[in-house]
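One-letter residues, chain by chain:
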There are 2 protein chains.
Amino acid sequence: MTQKNIEKPRQRAPSQRSLQTKAKILDAAECLFADRGFEGASIRDIAARAGVQVGLVHHHGGGKEELFYQTVARRAGELARIRVETLEALQASGPLNLRDILDCFIRPYVTLALSGGDGWMAYGRLVAHVSVDPRWRDIAAEYFDPTAQRFIAEIAKLYPGTDPALLASGQVYSVSAMLAHLNSAWRVEALSKGGDLAQIDSLIAFCAAGIEAMISPPQG
Amino acid sequence: MTQKNIEKPRQRAPSQRSLQTKAKILDAAECLFADRGFEGASIRDIAARAGVQVGLVHHHGGGKEELFYQTVARRAGELARIRVETLEALQASGPLNLRDILDCFIRPYVTLALSGGDGWMAYGRLVAHVSVDPRWRDIAAEYFDPTAQRFIAEIAKLYPGTDPALLASGQVYSVSAMLAHLNSAWRVEALSKGGDLAQIDSLIAFCAAGIEAMISPPQG
DNA sequence: GTCTATAATGAGATAGAC
DNA sequence: GTCTATCTCATTATAGAC
């Protein structure tokens, strides 16, 4: 039943307590890396927040950089799976338009962030750090690019002959807007005193109309 | 002729050499803060890149956090001035539509980044850090919000009665897309092998159409 | 203003007992 | 696996000569 990657033969499975400890460490690392970035979060802060000893963070994390990778990787697989499953489920019900495809990409993530617990919300801030910093380009290439490529390919089917760079730009702009939607509520509030926050449908409408406008500019 | 802020009475104006040293320090800080974030860039790295001693960075910067503020502030005033002047110049020639207004906000920045020297390009990455991290909300409120408010107000004139939060969200999404345009060329390249990069007009089209779609959703 | 030198702290990482 | 204790190094910041 388990489909965990088995890289090396182990004597035995990790104990229940070990798994819990590792989860606590990843939870703490996720939150602190998200809030303060890689250098801004110290191993000691992470250990303190997880309620464990400093040495344990090294034992489970295998160094700070490796811990950062693990923190990003933990939810990346599940997110990619949900996105693709959502896409394929909707495709089974008929042909999709641009907005449908973007909806399958954006809505699962935003929904998880808003109702999947603090971890998923922090993960959005973490991904924002990864997206901004070329230093983490390997992480982005490994965990995010495959899904992004898949969705770009779906969009390309709708607009054959379109410059791939244009579609890629639209994807990148849309991801940045999605992350801003999740992470910049404080900015929106500062700029609009007293109004309600924009909802997810507005975000998806923004991205879909934006991509359409890029691809098919007004004639003349 | 000088319009520098004079906060305290000083014996004399700073020497030419002092100004050059301070500029070198701010240049180095700008680049390193932009690349590695606040904690990721050390005073020593900044001093080394500026070609000065560690003590001088403290002398001119007044501590690391104060140096970060100064680094953001240095170009913020000029950027805000150019944006508003561009807007008012275009307004003098006739009524503006949404795309015109966004053009006045986005194009000056992107143009400076692409042709105004390495400093302005690095500044885009620096602003991205400020925009992501609530820790710097005071900086954003002081240096970026007034201009953003001005442009939001102009857009609001075009769509009276629109929810202010919707306009603020559109502004935040647009800024995030603009920063992605400047900072995420590496991501676009990874997602579109070999194609040309999208140009600034595509970005503005993306933002304008996105905002229009948010404000006036398709009926039905 | 500039430079050298150093203080004071916090960082990541590890060793070894249990 | 977990914990305590420690090592080693880089960091910010400052003091004081020039």
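Everything numeric here is computed off the predicted structure, so don't read it as measured data. (Residues numbered from 1 in each chain as written. Chains lettered and ligands numbered in written order. Predicted model: local features only at pLDDT ≥ 70, side-chain atom pairs only at ≥ 80, totals over all residues. Heavy atoms only, no water.)

**A closer look at the protein's contact with DNA strand C**
- In the region of DNA strand C, 16 residues are neighbours, and Ile43(A), Lys64(A), Thr21(B), Gln53(B) and His60(B) sit closest.
- Protein-adjacent atoms of DNA strand C, using a 4 Å cutoff, are sugar or phosphate at a proportion of 70%.
- Note that a phosphate oxygen of DNA strand C is positioned 3.3 Å from one of the side-chain N or O atoms of Ser42(A).
- Side-chain polar atom of His58(A) to a phosphate oxygen of DNA strand C: 3.2 Å apart, as the coordinates give it.
- Going through the elements one at a time, α2 (43-50) and α3 (54-61) of chain A together with α1 (16-40) and α3 (54-61) of chain B are the ones with two or more residues in the surface near DNA strand C.
- Among the residues forming the surface near DNA strand C, the class breakdown is four nonpolar, nine polar and three charged. (Near = heavy atom within 4 Å. Polar contact = N/O pair within 3.5 Å; in protein donor to acceptor, adjacent residues only side chain to side chain. Helix = DSSP H or I, 4+ residues; strand = E, 2+ residues; numbered from the N terminus. Nonpolar A, V, L, I, M, F, W, Y, C, P; charged D, E, K, R; others polar.)

**Section: the interface of chain B and chain A**
- Contact residues are listed per partner, giving 54 residues for chain B and 55 residues for chain A.
- Both faces combined, the contact of chain B with chain A buries some 4,400 Å², and carbon together with sulfur accounts for 67% of it.
- Where chain B touches chain A, the interface holds two salt bridges.
- One salt bridge connects Asp145(A) with Arg187(B), and the closest N-O pair in it is separated by 2.1 Å.
- Taken together, the links from chain B to chain A amount to seven residue pairs in polar contact (both at pLDDT 80 or more).
- Among the elements of the structure, α1, α6 (118-132), α7 (137-158), α8 (164-183), α9 (185-191) and α10 (200-215) of chain B are those that each provide at least two residues to the side of chain B that touches chain A. (Contact = heavy atoms within 4.5 Å. Buried area = accessible area lost by both parts, 1.4 Å probe. Salt bridge = Lys/Arg side-chain N within 4 Å of Asp/Glu carboxyl O.)

**Let's talk about the domain arrangement of chain A**
Residue and element names in this part refer to chain A.
- When the domains of chain A are assigned, the result is domain 1 (16-62) and domain 2 (73-215).
- With centres defined by C-alpha atoms, the gap from domain 1 to domain 2 works out at 28 Å.
- For the pair domain 1 and domain 2, the summed buried surface comes to about 830 Å²; carbon and sulfur atoms form 51% of the total.
- The largest contributions to the domain 1 side of the interface with domain 2 come from Glu30, Ala34 and Phe38, which together make up 56% of the buried area.
- At the surface where domain 1 touches domain 2, the tally comes to five salt bridges.
- A salt bridge links Asp35 to Arg125; its shortest N-O distance comes to 2.9 Å.
- Where domain 1 touches domain 2, the interface holds six residue pairs in polar contact (both at pLDDT 80 or more). (Domains from an automatic or database assignment.)

**Concerning the relation of the copies chain B and chain A**
- With an RMSD of 0.1 Å, the operation that places chain B on chain A is a rotation of 180° combined with a shift of 0.0 Å along the axis. Read as a symmetry element, the transformation amounts to a two-fold axis. Ranked by how close their C-alpha atoms come to the rotation axis, the residues of chain B are headed by Gly210(B), at 2.3 Å.
- Comparing interface residues between copies, 100% of those in chain B also lie at the interface in chain A; the contact surface is shared. (Least-squares fit on C-alpha atoms with pLDDT ≥ 70 in both.)

**Some points on the nonpolar core**
- Membership of the largest hydrophobic core comes to 141 residues, with the highest contact counts inside it found for Tyr123(A) and Tyr123(B).
- Contact partners of Tyr123(B), with chain neighbours within four places excluded, come to Glu30(B), Thr71(B), Val72(B), Arg75(B), Ala76(B), Leu79(B), Tyr109(B) and Phe144(B).
- Membership of the second largest hydrophobic core comes to six residues, among which are Ala205(A), Ala209(A), Ala213(A) and Ala213(B). (Core = buried A, V, L, I, M, F, W, Y, C linked by side-chain atoms within 4.5 Å. Buried < 20%, exposed > 50% of the residue type's maximum accessible area, 1.4 Å probe, protein only.)

**Some thoughts on the protein's contact with DNA strand D**
- In the region of DNA strand D, 16 residues are neighbours, and Thr21(A), Gln53(A), His60(A), Ile43(B) and Arg44(B) sit closest.
- Of all DNA strand D atoms lying within 4 Å of any protein atom, the proportion belonging to sugar or phosphate reaches 71%.
- One nitrogen or oxygen atom from the side chain of Gln53(A) is found 2.4 Å from a phosphate oxygen belonging to DNA strand D.
- For DNA strand D, a phosphate oxygen lies 3.3 Å from a polar atom in the side chain of His60(A).
- For the surface near DNA strand D, the secondary-structure elements that each account for two or more residues are α1 (16-40) and α3 of chain A together with α2 (43-50) and α3 of chain B.
- By residue class, the composition of the surface near DNA strand D is four nonpolar, nine polar and three charged.

**Topic: the packing of aromatic side chains**
- The final tally for this structure, using the stated rule, is 19 aromatic pairs over all chains.
- Relative to Phe68(B), the ring of Phe38(B) has its centre 5.5 Å away and its plane inclined at 85°; by these criteria the two rings are edge-to-face. Placement of Phe38(B) in helix α1 and of Phe68(B) in helix α4 (residues 64-92) is noted, with a sequence separation of 30 residues between them.
- The class of Phe38(B) is buried, set by a relative accessible area of 10%.
- Pairing Phe38(B) with Trp136(B) gives two aromatic rings, centres 5.1 Å apart and planes at 65°, and the pair type is edge-to-face. Placement of Phe38(B) in helix α1 and of Trp136(B) in the loop between α6 and α7 is noted, with a sequence separation of 98 residues between them.
- The exposure class assigned to Trp136(B) is buried, which follows from its relative accessible area of 3%.
- Three or more aromatic residues joined by ring pairs make a cluster, and in this case those are Phe33(A), Phe38(A), Phe68(A), Tyr69(A) and Trp136(A). (Phe/Tyr/Trp six-rings, centres within 6.5 Å; stacked < 30°, edge-to-face > 60°.)

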